[in-house]
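Here are the chains, one letter per residue:
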Amino acid sequence: MPAVDKLLLEEALQDSPQNMTKDMEPDCSILSGKNDTPLQDVQDCRKPDRWLTAVMMKCWVTTPQTRSLLSVFEEDAGTLTDYTNQLLQAMQRVYGAQNEMCLATQQLSKQLLAYEEQNFALGKGDEEVISTLHYFSKVVDELNVLHTELAKQLADTMVLPIIRFREKDLTEVSTLKDLFGLASSEHDLSMAKYSRLPKKKENEKVKTEIVKEVAAARRKQHLSSLQYYCALNALQYRKRVAMMEPMLGFAHGQINFFKKGAEMFSQSMDSFLSSVADMVQSIQVELEAEAEEMRASQQELLSLEEAVYTPDLDAAAPQINRNLIQKAGYLNLRNKTGLVTTTWERLYFFTQGGNLMCQPRGAVAGGLIQDLDNCSVMAVDCEDRRYCFQITTPNGRAGIILQAESRKENEEWICAINNISRQIYLTDNPEAVAIKLNQTALQAVTPITSFAKKQESPCPSQNMKSSEVENDKIVPKAAVIIPEAEQLIAPGTPIQFDIVLPATEFLDQNRGSRRINPFGETEDETFPETEDSLLQQMFIVRFLGSMAVKTDNTTEVIYEAMRQVLAARAIHNIFRMTESHLMVTSQALRLIDPQTQVTRANFELTSVTQFAAHQENKRLVGFVVRMPESTGGESLSTYVFESNSEGEKICYAINLGKEIIEVQKDPEALAQLMLSIPLTNDGKYVLLNDQPDDNDGSPSENRGAESEA
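Residues numbered from 1 in each chain as written. Predicted model: local features only at pLDDT ≥ 70, side-chain atom pairs only at ≥ 80, totals over all residues. Heavy atoms only, no water.

1. What about the overall build of the protein chain?
We count it as follows: Only runs of H or I of at least four residues qualify as helices and only runs of E of at least two qualify as strands under DSSP, and these elements are numbered from the N terminus. Each residue is placed in one exposure class: buried if its accessible area under a 1.4 Å probe, protein chains only, is under 20% of its type's maximum, exposed if it is over 50%, and partly exposed if it falls in between. In this analysis, two residues are considered to be in contact whenever any of their non-hydrogen atoms come within 4.5 Å of each other.
Of regular secondary structure, the protein chain possesses 17 helices and 15 strands. A buried classification covers 40% of the 709 residues belonging to the protein chain. If you take every contact in the protein chain between residues at least 6 apart in sequence, the share linking residues at least 24 apart comes to 69%.

Structure below.
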């Protein structure tokens, strides 16, 4: 209990009831908490604790009226306790927010300094921003000091006083209330003992003890009630002070914070903020200009027709660049997931030197997919999809199958891979070389080398037989007079780009798809003479075209047919080629489908009158076939192929087959020929060469290549 209250209580106890006068009656308005006297007039009022003390000294018995007034004070004290707890929570929230502000400004300062350490990939030109943020970091640190000081002031002048009021004054009232209740209970017990004293003359000693007990209980109750009432009266004043003192501390702390902040943001800070505002304004102007440019670009894009976004807009006549030595873009890659199931994956492909690279989504760099040197590429039909092409390795093994999104992309990819496969990128000026080669094809210019060798040493023409022997040996011993193109091929002669003949096409349709026998066996019994043939050589070729010719007296007709076929393919954008297996035997030339093992075309070797390889492109080969017609005459047709191996090897095989046909009439000559040519271990098949890079070895090797193709 406060010292002032104790002094007042002692003074009240020293006064006698006889000295109490009616003018010292308690002010019930104060007791009931209804005194509306302003705070500045409090000193003029009489002490309410003195009035309660006087009442209790005059009438120490707690009457129902007194207890009714006491309940009003107790209700007021309970309401004050609840309100104080709520007010303390609000003030603690303000203090917590101020503490959080201190931590937040500290973290903000660190983050401003961390901008320099981020190493932005596009951080060029951020020097001004970095220096400005460093300065702002210093300012935030100074503000953090002010916020910390404000938080301390709020704790000392706002939160602490209300906590003291709750823990001291309100707790004291609650404790005195409990003591008063205990004293009243003891008084009631003592009065119960006193009331049970009998009317007869009792023991004076027992009566005296009970009377003393009652007097002590009454005094204790009187004293505890005085202390309790004094605390309730004093609480009416203390609650006013307790409500105003914390807000005075809050206001002084905020004013001090703003004053120091105003002193810190002096004239220099104002100039700095002005410069930063100007810099932000200039950046905003640049942003608006960039945004306006982007809006103009968007409007321009929106004004375009929808046809511009169509993947295959100009499918009929696309503008194709055939001089590419580099290409990049998205393609669909065919992946085999099972025996008969496949999936297509859209990936980004690009060429780098002689390599085809692929970069999946999310990958940092691309990886090697295919080596394009000396490879071949052709358009293929795959799973009823458009714009597919296949890349075949130099050894004839089928490579990857890709799908472009448009005809233009498809043909440009094929042109680019063709140019790269010729190793044009290794020259000093690959673009010029590519342009020259494609211009040569478009202009249909015959290679000079193939004719120059014939013009160096002119001589009279020879008969047909000697000419054939010279062609079989590939290198002519004597040149012939070069005829004009009109003398070789009639102008306007149509060119056939599909090797499938009507009869064999009908055969394919009736047979349908057929699985490849893993033992290399075939059900094709159309040509039983193959088993008895002394020569059986396999080559992987792609059919380029065929056309009717006027003569077969010279190999120039083959060169002219090559020129016209390649020119027609370039002019008409024809890149699709049919891949087949060319089987050279001692009886015929057979074109076999690598998938179904069905013979597409068959040419008797005796009907092949001319054959030659291109002098420039070593992989081009052609031959002339003389076929009888139903009218009784004969027709001449030239067939042009592209081979995975050198064309001279095919010419050598054809020449060897024709020699076998000639010597089969003479057993001695045949035996001599067999002795001059190496045989297989079973003595049945002829091996043309055993070079490791030659793909045309024994039948087992051929069949392996067939199944792989």
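2. Observations regarding the environment of Gln92
Secondary-structure assignment places Gln92 in helix α4 (residues 64–114). On the accessibility criterion, Gln92 (39% relative accessible area) is partly exposed. Residue contacts for Gln92: discarding those within four places in its chain leaves Val159 and Ile163.

3. Section: the UniProt feature "coiled-coil region" (unreviewed entry) in the protein chain
Using the following cut-off: UniProt positions are given in the numbering used here, feature names are shortened, and annotations may be inferred rather than shown by experiment.
The sites that carry the UniProt feature "coiled-coil region" (unreviewed entry) are, in the present numbering, residues 280–307. Segment residues 280–307 splits into 86% helix and 0% strand. End C-alpha atoms: 43 Å apart.

4. Examining the packing of α4 against helix α6 (residues 204–264)
Our working definition: Angles here are taken between N-to-C directions and fall from 0 to 180 degrees, while the axes themselves are lines fitted to C-alpha atoms, restricted in helices to the stretch in contact. If an angle is under 35 degrees, it is roughly parallel; if it is over 145, roughly antiparallel; if it lies from 65 to 115, roughly perpendicular; otherwise it is oblique. In this scheme the handedness of a crossing depends on how the near helix is turned from the far one: anticlockwise by less than a right angle means left-handed, clockwise means right-handed. Here the term charged refers only to Asp, Glu, Lys and Arg, the term nonpolar to Ala, Val, Leu, Ile, Met, Phe, Trp, Tyr, Cys and Pro, and the term polar to all other amino acids, Gly among them.
Between α4 and α6, the least distance of the axes is 11 Å, while the angle of their chain directions is 30°. The angle between α4 and α6 places the two elements in the roughly parallel class. Crossing of α4 against α6: the hand is left-handed. Considering only residue class, the contact of α4 with α6 consists of 16 nonpolar, five polar and four charged.

5. Focus: the environment of Ile424
Summarising the element assignment, Ile424 is placed in the loop between α8 (407–421) and α9 (430–443). Here Ile424 falls in the buried class, since its relative accessible area comes to 3%. Ile424 sits 13 residues away from Leu437 along the chain, and the two C-alpha atoms are 10.0 Å apart. Here Ile424 is in contact with Ile325, Asn419, Pro430, Val433, Ala434 and Leu437, once residues within four sequence places are set aside.

6. Considerations on the side chain of Gln597
Formally: Pairs of N or O atoms are called polar contacts if they sit within 3.5 Å, as long as, within protein, a hydrogen donor faces a hydrogen acceptor (for residues adjacent in sequence, only side-chain-to-side-chain pairs).
Turning to its location among the elements, Gln597 is positioned in the loop between β11 (588–592) and β12 (599–604). Residue classification places Gln597 among the buried residues on the basis of a relative accessible area of 13%. A distance of 3.1 Å separates a polar atom in the side chain of Gln597 from the backbone oxygen of Pro594.

7. Considerations on the environment of Leu189
Mapped onto the elements, Leu189 comes out in helix α5 (residues 127–195). Judged by its relative accessible area of 58%, Leu189 falls in the exposed class. Each C-alpha atom, one on Leu189 and one on Val214, is 8.8 Å from the other, the two residues being 25 residues apart in sequence.

8. Thoughts on a nonpolar patch on the surface
Rules: Only residues whose relative accessible area exceeds 30% and that form no salt bridge are eligible for patches; like-charged ones are grouped when within 9 Å, while nonpolar side chains (Val, Leu, Ile, Met, Phe, Trp, Tyr) are grouped when within 5 Å. Methods summary: accessible areas were calculated by the Shrake-Rupley approach with a probe of 1.4 Å, and residue burial reflects only the protein chains presented. Salt bridges are identified by distance alone: a Lys or Arg side-chain nitrogen within 4 Å of an Asp or Glu carboxyl oxygen.
There is a patch of nonpolar side chains on the surface, built from Leu301, Leu304, Val308 and Tyr309 and spanning about 390 Å² of accessible area. When you line up the elements, Val308 lands in the loop between α7 (267–303) and β1 (328–336).

9. Overview of the packing of aromatic side chains
The following threshold applies: Note on ring pairs: Phe, Tyr and Trp rings are taken, using the six-membered ring of Trp, and paired if centres are within 6.5 Å. Classes follow the plane angle, with under 30 degrees stacked, over 60 edge-to-face and the rest tilted.
Going through the model one piece at a time under the given rule, you end up with 15 aromatic pairs. The interplanar angle of 50° and the centroid separation of 6.1 Å between the aromatic rings of Phe180 and Tyr229 together place this pair among those described as tilted. Of this pair, Phe180 sits in helix α5 while Tyr229 sits in helix α6, and the two are 49 residues apart along the sequence. On the basis of relative accessibility, which here comes to 5%, the residue Phe180 falls in the buried class. Residues Phe257 and Phe258 carry aromatic rings whose centres are separated by 5.5 Å and whose planes lie at 70° to one another, so their mutual orientation is edge-to-face. Residue class for Phe257 comes out buried when judged on its relative accessible area of 14%. By relative accessible area, which is 54% here, Phe258 ends up exposed. Site record: aromatic cluster; members linked through ring pairs are Phe543, Phe603, Phe623, Tyr639 and Phe641.

10. A closer look at the sheet that holds β1
Using the following cut-off: Strand pairing is assigned whenever DSSP detects at least two bridges linking the two strands.
Read across the open sheet, the seven strands follow the order β4-β3-β2-β1-β7-β6-β5; overall the sheet is antiparallel. Among the strands making up the open sheet, the edge pair consists of β4 (367–371) and β5 (376–382). Recorded for the sheet is a direction-independent mean angle of 40° between the axes of neighbouring strands. The strands that α8 touches are β1, β2 (342–352), β3 (355–359), β5 and β6 (385–392); relative to β6, the one it contacts most, it runs at about 10°.

11. Notes on unusual backbone geometry
Phi is positive for Asn119, close to 55°, though the residue is something other than glycine. Mapping Asn119 onto the fold places it in the loop between α4 and α5. Of note in this structure, Asn374 is not a glycine but carries a positive phi near 60°. Counting through the fold element by element, Asn374 comes out in the loop between β4 and β5.

12. Quick notes on the pattern of salt bridges
Applying the stated criterion to the full structure yields 19 salt bridges. Glu186 is the partner of Lys220 in a salt bridge, and the nearest nitrogen-oxygen pair spans 3.2 Å. Taken as a pair, Lys220 in helix α6 and Glu186 in helix α5 lie far apart in primary sequence, 34 residues in all. By relative accessible area, Glu186 is classed as partly exposed at 37%. Residues Lys408 and Glu412 are paired through a salt bridge, measuring 2.9 Å at the closest nitrogen-oxygen approach.

13. Points about the pairing of strand β7 (residues 398–403)
Of the pairings in the sheet, the one linking β1 to β7 comprises two bridges and is antiparallel in character. Considered in β7, the bridge of Leu333 is made with Leu402. Of the strand pairs in this sheet, β6 and β7 are connected by four bridges, and their pairing is antiparallel. In the strand pairing of β7, Cys388 is matched with Gln403. Between β6 and β7, which pair antiparallel one after the other, the connecting turn spans five residues, and Gly396 there sits at a positive phi close to 90°.

14. A word on the nonpolar core
For clarity, the cut-off: We call a set of buried Ala, Val, Leu, Ile, Met, Phe, Trp, Tyr and Cys residues a nonpolar core when their side-chain atoms join them within 4.5 Å.
Counting residues in hydrophobic clusters, the biggest one holds 27 residues, and the most contacted among them are Leu589 and Phe623. Mapped by element, the contributors of at least two residues to this core are β9 (536–548), β10 (578–585), β11, β12, β13 (608–613), β14 (620–628), β15 (634–643) and α15 (647–663). Listed in part, the 25 residues of the second largest apolar core include Ala77, Met91, Val159 and Phe180.

15. Let's talk about the pairing of β12
Here β11 runs beside β12; their pairing, made up of five bridges, is antiparallel. The residue bridging Ala588 from the neighbouring strand is Glu604, located in β12. Between β11 and β12, which follow one another and run antiparallel, lie six residues, and Gln597 among them has a positive phi close to 65°.

16. Observations regarding the side chain of Asn410
Residue placement: Asn410 occurs in helix α8. Note on Asn410: relative accessible area 7%, which makes it buried.

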